[in-house]
2 protein chains.
Amino acid sequence: MNRTCPVDESEFRASAASLSAMTGVPIIVQKYGGTSVADTDRITRVADRIARTKRAGNNVVVAVSAMGKTTDQLIRQAEEISPHPPGREMDMLLTAGERISMALLAMAIQEEGLSARSFTGSQAGIITDDVHGKAKILDITPGRITDALAEGHVVIVAGFQGVSRTTKDVTTLGRGGTDTTAVALAAALGAKVCEIYTDVDGVYTADPRIVPTARKVEHISAEEMLELAAHGAGVLHTRSVEFGRNHGVDIHVRSSFSHHQGTWVHAHAEGNPMEEAIISGVAHDRSEGKLTVRGVPDKPGVAARVFQSLADANVNVDMIVQNVSATGTTDMTFTIPLTDSKVAREALEPLLTEVGAAGLEVDEKIGKVSLVGAGMKTNPGVAARMFTALSEAGVNIDMISTSTIRISVVVDEADVEIAVNAIHSEFGLDGAEVVSVEGA
Amino acid sequence: MNRTCPVDESEFRASAASLSAMTGVPIIVQKYGGTSVADTDRITRVADRIARTKRAGNNVVVAVSAMGKTTDQLIRQAEEISPHPPGREMDMLLTAGERISMALLAMAIQEEGLSARSFTGSQAGIITDDVHGKAKILDITPGRITDALAEGHVVIVAGFQGVSRTTKDVTTLGRGGTDTTAVALAAALGAKVCEIYTDVDGVYTADPRIVPTARKVEHISAEEMLELAAHGAGVLHTRSVEFGRNHGVDIHVRSSFSHHQGTWVHAHAEGNPMEEAIISGVAHDRSEGKLTVRGVPDKPGVAARVFQSLADANVNVDMIVQNVSATGTTDMTFTIPLTDSKVAREALEPLLTEVGAAGLEVDEKIGKVSLVGAGMKTNPGVAARMFTALSEAGVNIDMISTSTIRISVVVDEADVEIAVNAIHSEFGLDGAEVVSVEGA
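Keep in mind the model is a prediction, meaning the values are calculated, not measured.

Draft legend 1. A look at the overall build of chain A. When helices and strands are counted, chain A shows 12 helices and 20 strands. In terms of C-alpha radius of gyration, chain A reaches 23 Å, essentially the compact-globule figure of 22 Å for 440 residues. Across its three principal axes, chain A shows a C-alpha extent of roughly 75 × 55 × 35 Å. Taken across its 440 residues, chain A has 57% of its residues classed as buried. Partitioning the intrachain contacts of chain A with sequence separation of at least 6 by distance along the chain shows that 75% fall at a separation of at least 24. Only carbon and sulfur atoms are counted for the fraction: they give 49% of the accessible area of chain A, which is about 17,500 Å². In chain A, 39 side chains carry a positive charge and 57 a negative one; their mean positions are 4 Å apart.

Right, here's the structure in full:
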């Protein structure tokens, strides 16, 4: 339920005076992930790209992740020592990764003939709460960043980390942390754009490994991007998109291996060159399983107890479907991450007899296919077209769930590819039909 | 010339109120080097030792180095990117090493059932000047350390690092840095003792690999230890010994692989159980080369120009010998680190014709043997006994240099072992003659 809204960073205030507004020199924030800085050669290539941006007349602020598998290696070392390492020390450990990559990147930029200064999250003024491992950004006090920019330096900031307002301890932001660092910096600095460099060249209408005719989306609203990201499109984390939407930051997702334009994710639809499509893309997700509680007595409070026990066990529930049958009992079906499957069963088993349920069924062989598009709001009949296309492709629908701009169906795992292709075709998303400027 | 005094940390003020004095619980500072924390198994063993010290009723503060070869690996990565990486970024990079080891060590201590908090140099209040790569400690403001101790935690501090008072950038202290961190913490906290854990079990009367009868010294004055360290005894860095002497900190050098007593280095000789020996040890050093400038006109200003040009090239000169001959010219001979040999020759070549010298000779096959003992001051004839012993062993003396508690000779590299053994025997240092409590 909280998958589209994993972190409420609404407390965040972009309070800093915008250096860009003061000097007239635009600020560009760039984010490079672990793959882009996996070794010293790649770091040198990234430095070249940063230098070009700087020489084009911009102030450049870079958020960088740890090199390649560094974080995994550090986690492995911690696990060798302790099965449950304390969060404070785990954060101290993991933040060493960005410290290494950012210092090496600053050196590589100096080799390009420019000057660079690296800053830890703490030095960069990234103030968080004190929840180790998944801290929220509360504020950014970027005095050292703006000073360094004013002195002509390229600024490198360690991604994924900050410092607790209350304890002054080092914190990490959790999954997708460096994207969030970049977007938050862009908001705090009044940046022109936040560029997220990754190993693909943008957001596609569907996963090109499944739909060969998928094409790159050039413009998309943050709202749609949020739905795609939350339902299986892996290129951006929901949290950074949400942060961008809430703080008016446009995100440009692009490849660190080419100079092509990628996908623009616009915080506000107004005045932006959105494509005039009803549908922006098809996402799929094979990471969930389906649980069904059979024969639940249809009386108040039962659903509450089921989902409270799952919440107590920290299980994220996604889709929920319930239908009352004529017999006075009901089947309650919901999807959860496969990784939570064991914990969920353990949490529910003792409850079954207590609430008088007939049994618990688990299906781990499912897939979720989602159609996302802001145009859905004003175009009736989208759901009907989608279901018809699935039916004609011989795909049986197991569960349905909708939002104002999304329709998701759960199908048999073996049918996922067929379903994605059928829907992609039905809504004219194939590259052959709707040619984009860049091509697919 | 500045080898015995590489860093003037006399500005340092141990200004903090002593928690130990306030609470009556003694504070012990322990230092563990890279070998002691080379892998997660060794970290677990170190944690066990720390836990014992804590459970024995002490407050424990630990200074820790980076794991094993981590620092070397980071330097190699930097060199792949830049031949001359900027000092600020190099320090940012290298300090990642201690961050990793200290967080893992804190986790290992928690596994022992105790609680631990790790702090970076900056968090621990280790304030330095802004000379990257060889910063001096100016002050320690250990508020977070004393707070954490008062809450019952074991405190781990990253060795080798601090934060610049002026720029607020991260700095490193250079070679021997973690020893210096430990001794400075001991001074600032009013610790009972500073224990330096290493891979040998103390200071020996000579290198046991050369003199099999060498025995462990149980007590030694900081003054003597300084001379031994500066002339080849590798177990402690001169800088930390000097810091301990200047700030009244007793250092206990001992093995991290046993529980035996090691060697106590006493800041003040008064009231301490020094051994009643005239001589405390024989050090040797094969890391230097000898340069001779032949036929230098014997007039004022020539020596100044020679040594100024070496100083400008950052060459550390150790011993200097000059004798005027009857012809009105002189030979000027001095020793320098072998690693500086090429730089020194390049610095001197242009000077030769300018000052009218006859030529430059280089001898890289030398060794220096030094006899150190505070008793020398009050016992005449030590030099004569030493030279006689060398003569009887057939060792030719090339250069001589003395301080009030040390006599050093330069000999042929091939004669070093013979010389060390001859002197060691002559002054009754062999284990067979002077039996210590622990045995050799």
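The rest of the description comes next.
Draft legend 2. Representation of the sheet that holds strand S5 (residues 137-140) of chain B within the structure. All names here are of chain B. The mixed open sheet is built from four strands, whose spatial order is S5-S4-S7-S8. Only two strands of the sheet have a single neighbouring strand rather than two, namely S5 and strand S8 (170-172). Looking at each pair of strands side by side, their axes are set apart by 45 degrees on average, direction ignored. Of the strand pairs in this sheet, strand S4 (residues 126-128) and strand S7 (residues 161-164) are connected by two bridges, and their pairing is parallel. Looking at S7, one finds that isoleucine 127 is bridged to valine 163. Relative to the sheet, helix H4 (residues 87-111) contacts S7 and S8, its axis offset from that of S8 by approximately 75 degrees. In the packing of helix H6 (residues 177-189) onto the sheet, the strands contacted are S4, S5 and S7, and the crossing angle to S5 comes to about 40 degrees.

Draft legend 3. Structural context of the UniProt feature "binding site: substrate" (unreviewed entry) in chain A. All names here are of chain A. Look at the UniProt record and you will see "binding site: substrate" (unreviewed entry) annotated at Thr71 and Glu98. Their sequence span is 28 residues, while the largest C-alpha to C-alpha distance among them is just 9.0 Å; these annotated residues converge on one region. For threonine 71, the position within the fold is in helix H3 (residues 70-81). For threonine 71, a relative accessible area of 21% puts it in the partly exposed group. Discounting chain neighbours no more than four positions away, the residues touching threonine 71 are Ala66 and Leu94.

Draft legend 4. Expanded view of the packing of helix H3 (residues 70-81) of chain B against H4 of chain B. All names here are of chain B. Their axes nearest at 8 Å, the elements H3 and H4 cross at an angle of 150 degrees. Accordingly, the angle class assigned to the pair H3 and H4 is roughly antiparallel. Read as a crossing pair, H3 and H4 show a hand that is right-handed. Listed contacts from H4 to Thr70, Thr71, Leu74, Ile75 and Ala78 of H3 are Met90, Leu93, Leu94 and Gly97.

Draft legend 5. The arrangement of the relation of the copies chain A and chain B in detail. The transform that puts chain A on chain B rotates by 180 degrees and translates by 0.0 Å along the axis, for an RMSD of 0.1 Å. Here the transformation between the copies is reduced to the relation of a two-fold axis. When each C-alpha of chain A is compared by its distance to the rotation axis, alanine 96 of chain A comes out closest, at 2.4 Å. Comparing contact sets, 100% of the residues at the interface of chain A also lie at the interface in chain B, consistent with an isologous, same-surface contact.

Draft legend 6. Structural context of the pairing of strand S16 (residues 329-337) of chain B. Residue and element names in this part refer to chain B. For S16, the tally of buried residues reaches seven of nine residues, placing the bulk of the element in the interior. Where strand S14 (residues 288-297) meets S16, eight bridges bridge the pair, whose relative direction is antiparallel. Along S16, the bridge assignment pairs lysine 290 with threonine 335.

Draft legend 7. Inspection of the sheet that holds strand S2 (residues 59-64) of chain A at higher detail. Residue and element names in this part refer to chain A. Within the open sheet, the eight strands sit side by side as S3-S6-S2-S1-S9-S11-S12-S10. Their pairing is mixed. For this open sheet the edge positions go to strand S3 (116-119) and strand S10 (219-221), each flanked by a neighbour on one side alone. The sheet shows a mean angle of 20 degrees between the axes of neighbouring strands, direction not considered. One ladder, built from five bridges, connects strand S1 (residues 27-32) with strand S9 (residues 193-198); its direction is parallel. Residue lysine 31 lies in a different strand from S9, and its bridge partner there is isoleucine 196. Lying over the sheet, helix H2 (residues 40-55) contacts S1, S2, strand S6 (154-158), S9 and strand S11 (251-255), oriented at roughly 170 degrees with respect to S1.

Draft legend 8. Structural view of the nonpolar core. Formed by 70 residues in total, the largest nonpolar core has its most connected members in Leu105 of chain A together with Leu105 of chain B. Leave out the neighbours within four places in its chain, and leucine 105 of chain A touches Ile43, Val46, Ala47, Ile50, Val62, Val64 and Ile156 of chain A.

Draft legend 9. Quick look at the packing of aromatic side chains. Across all of its chains, the model carries four aromatic pairs over all chains by this definition. Centre to centre, the rings of tyrosine 32 of chain B and tyrosine 197 of chain B are 4.8 Å apart; their planes meet at 10 degrees, and the pair counts as stacked. Linking tyrosine 32 of chain B in strand S1 (residues 27-32) with tyrosine 197 of chain B in strand S9 (residues 193-198), this pair joins segments that are 165 residues apart in sequence. Both residues of the pair, tyrosine 32 of chain B and tyrosine 197 of chain B, count as buried. Ring geometry for phenylalanine 307 of chain B against phenylalanine 334 of chain B: centres 5.2 Å apart, planes inclined by 70 degrees, an arrangement best described as edge-to-face. Taken together, the residues phenylalanine 307 of chain B in helix H9 (residues 302-312) and phenylalanine 334 of chain B in strand S16 connect sequence positions 27 residues apart. Neither residue differs from the other here; phenylalanine 307 of chain B and phenylalanine 334 of chain B are each classed as buried. Between the NZ or CZ atom of arginine 88 of chain A and the centre of the ring of phenylalanine 119 of chain B, over which it lies, the distance is 5.0 Å.

Draft legend 10. How the structure looks around the interface of chain A and chain B. At the junction of the two partners, chain A supplies 41 residues and chain B supplies 41 residues. Taken over both partners, the interface formed by chain A and chain B buries close to 3,300 Å², and the fraction arising from carbon and sulfur atoms is 62%. A per-residue breakdown of the area chain A buries against chain B is headed by Ile81, Arg99 and Met107 of chain A, which together make up 23% of the total. On inspection of chain A and its partner chain B, the count reaches two salt bridges.

Draft legend 11. Fine view of the confidence of the model for chain A. All names here are of chain A. Per-residue confidence for chain A averages 88 on the pLDDT scale, and 90% of its residues sit at or above 70. Here residues 1-7 is a poorly scored stretch, pLDDT under 50, and it has 24 contacts once near neighbours within four places are set aside; other chains count. Confidence drops under pLDDT 50 across residues 432-440; counting only partners more than four residues distant or on other chains, this segment forms 17 contacts. On the interface metric, ipTM, the complex scores 0.79, and its pTM is 0.82.

Draft legend 12. The arrangement of helix H11 (residues 382-392) of chain A in detail. All names here are of chain A. For H11, every residue scored as buried is listed here: Val382, Met386, Ala389 and Leu390. Seen end-on, H11 carries its buried residues on one side only, within an arc spanning 100 degrees. Away from its buried face by more than 90 degrees, H11 exposes Ser391 and Glu392. Taken together, the buried residues of H11 touch strand S18 (366-372), strand S20 (406-412) and helix H12 (416-426). After H11 finishes, the residue glycine 394 shows a positive phi value of roughly 75 degrees.

Draft legend 13. A look at the packing of helix H6 (residues 177-189) of chain A against helix H8 (residues 238-247) of chain A. Residue and element names in this part refer to chain A. Close contact between H6 and H8 brings their axes to 8 Å; oriented N to C, the two are set at 10 degrees. Classified by the interaxial angle, the pair formed by H6 and H8 is roughly parallel. The residues of H8 that touch H6, namely those facing Asp179, Thr180, Val183, Ala184 and Ala187, are Arg239, Ser240, Phe243, Gly244 and His247. Its residues assigned to classes, the contact of H6 with H8 shows four nonpolar, four polar and two charged.

Draft legend 14. Representation of unusual backbone geometry. One non-glycine residue with positive phi stands out, namely lysine 168 of chain A, at about 65 degrees. Within the secondary structure, lysine 168 of chain A sits in the loop between strand S7 (161-164) and strand S8 (170-172). On the basis of relative accessibility, which here comes to 47%, the residue lysine 168 of chain A falls in the partly exposed class. For asparagine 314 of chain B, which is not a glycine, the phi torsion comes out positive at approximately 60 degrees. Locating asparagine 314 of chain B in the fold gives a position in the loop between H9 and strand S15 (320-324). Taking relative accessible area as the criterion, asparagine 314 of chain B reaches 65% and is therefore assigned exposed.

Reading guide: rules and limits
- Residues numbered from 1 in each chain as written.
- Chains lettered and ligands numbered in written order.
- Predicted model: local features only at pLDDT ≥ 70, side-chain atom pairs only at ≥ 80, totals over all residues.
- Heavy atoms only, no water.
- Helix = DSSP H or I, 4+ residues; strand = E, 2+ residues; numbered from the N terminus.
- Rg over C-alpha atoms; globule rule 2.2 N^0.38 Å.
- Buried < 20%, exposed > 50% of the residue type's maximum accessible area, 1.4 Å probe, protein only.
- Contact = heavy atoms within 4.5 Å.
- Areas by Shrake-Rupley, 256 points an atom, 1.4 Å probe, with all protein chains shown as cover.
- Lys, Arg positive; Asp, Glu negative; His and termini not counted.
- Charge placed at Lys NZ, Arg CZ, Asp CG, Glu CD.
- Pairing = 2+ DSSP bridges.
- Axes fitted to C-alpha atoms, helices over the stretch in contact; angles between N-to-C directions.
- UniProt positions renumbered as here; feature names shortened; annotations may be inferred.
- Parallel < 35°, antiparallel > 145°, perpendicular 65-115°, else oblique.
- Left-handed = near helix turned anticlockwise from the far one by under 90°.
- Least-squares fit on C-alpha atoms with pLDDT ≥ 70 in both.
- Core = buried A, V, L, I, M, F, W, Y, C linked by side-chain atoms within 4.5 Å.
- Phe/Tyr/Trp six-rings, centres within 6.5 Å; stacked < 30°, edge-to-face > 60°.
- Lys NZ or Arg CZ within 6 Å of the ring centre and 35° of its normal.
- Buried area = accessible area lost by both parts, 1.4 Å probe.
- Salt bridge = Lys/Arg side-chain N within 4 Å of Asp/Glu carboxyl O.
- pLDDT = per-residue confidence, 0-100.
- Arc of directions from axis to C-beta.
- Nonpolar A, V, L, I, M, F, W, Y, C, P; charged D, E, K, R; others polar.

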